[in-house]
Amino acid sequence: MRVYIKEENGKYLLLNAVSNEKISEFSDVAEAVKYALDNGYQLPLRSVDGEFVTDKKGNPVYIDEKGILELADGTLLEGCRLCPRCGWIAYWEEVLDEDKEPRECFVCPHCGYVFECTPEIEDIGEGD
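Reference entry: report on the structure contained in this document.

Conventions we followed
- Residues numbered from 1 in each chain as written.
- Predicted model: local features only at pLDDT ≥ 70, side-chain atom pairs only at ≥ 80, totals over all residues.
- Heavy atoms only, no water.
- Helix = DSSP H or I, 4+ residues; strand = E, 2+ residues; numbered from the N terminus.
- Buried < 20%, exposed > 50% of the residue type's maximum accessible area, 1.4 Å probe, protein only.
- Pairing = 2+ DSSP bridges.
- Axes fitted to C-alpha atoms, helices over the stretch in contact; angles between N-to-C directions.
- Contact = heavy atoms within 4.5 Å.

Time to look at unusual backbone geometry. The residue asparagine 20 is not glycine, and still its phi comes out positive at about 65°. Structurally, asparagine 20 can be placed in the loop between strand E2 (11-16) and strand E3 (22-26). At glutamate 116, a position not held by glycine, the phi torsion is positive, near 50°. Structurally, glutamate 116 can be placed in strand E9 (residues 114-118). Since its relative accessible area comes to 45%, glutamate 116 is described here as partly exposed.

This is the structure we're talking about:
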């Protein structure tokens, strides 16, 4: 079962990620994580700084056994990758490079890192 931890009034609630039903309540996040792991629950992906990763709408993000990113209900996250710098979700979007040329890149909203752009800088301006 996929779960997530929500802080509420100084307590940490362990919730079923699909139904939002409360499973248990803890005084700190470490206790909630330990309980989840001890009971075989799947927690959301964690970033490099230890935060639980969410999508742009605030939904917890999980990673399956094949490395595919998805929401708790199994909805696949398309057009995104894990940011190699912070471990958050980076989204595919158009950006302007230093020469004001449009490029498609993965952009991390958490740390601002831009990577895997196309076309590659050295390919811009080449003819067929």
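Further notes follow.
It is worth spelling out the sheet that holds E3 at this point. The pairing of strands in a sheet comes from backbone hydrogen bonds and takes either a parallel or an antiparallel form. Ordered in space as E1-E2-E3, the 3 strands form an open sheet in which the pairing is antiparallel. On the outer flanks of this sheet lie strand E1 (3-8) and E3, each paired with one strand and no other. Ignoring strand direction, the axes of neighbouring strands in this sheet form an average angle of 25°. By the bridge criterion, 6 bridges tie E1 to E2 in an arrangement that is antiparallel. Along E2, the bridge assignment pairs lysine 6 with leucine 13. Along the sheet, helix H1 (residues 29-38) makes contact with E1, E2 and E3, crossing E3 at roughly 140°.

Moving on to the sheet that holds strand E7 (residues 89-96). Taken in spatial order, the 4 strands line up as E6-E7-E8-E9 in an open sheet, and their pairing is antiparallel. Two strands in the sheet have a free side with no partner beyond their single neighbour: strand E6 (80-82) and E9. Each strand axis lies, on average, 40° off the axis of its neighbour in the sheet, ignoring direction. Across 3 bridges, the pairing between E6 and E7 is antiparallel. Bridge pairing links leucine 82 to isoleucine 89 in E7.

A separate point is the pairing of E7. Regular strands show a simple pattern: their side chains alternate between the two faces of the sheet. Hairpin connection between E6 and E7: a loop of 6 residues separates the two successive antiparallel strands, and glycine 87 in this loop has a positive phi of roughly 85°. Examined bridge by bridge, E7 and strand E8 (residues 102-107) share 6 bridges and lie antiparallel to one another. Its bridge partner being in E8, glutamate 93 is matched across the sheet by cysteine 105. Taking the residues that link successive antiparallel strands as the turn, the E7-E8 hairpin has 5 residues, and the phi of lysine 100 there is positive, at about 65°.

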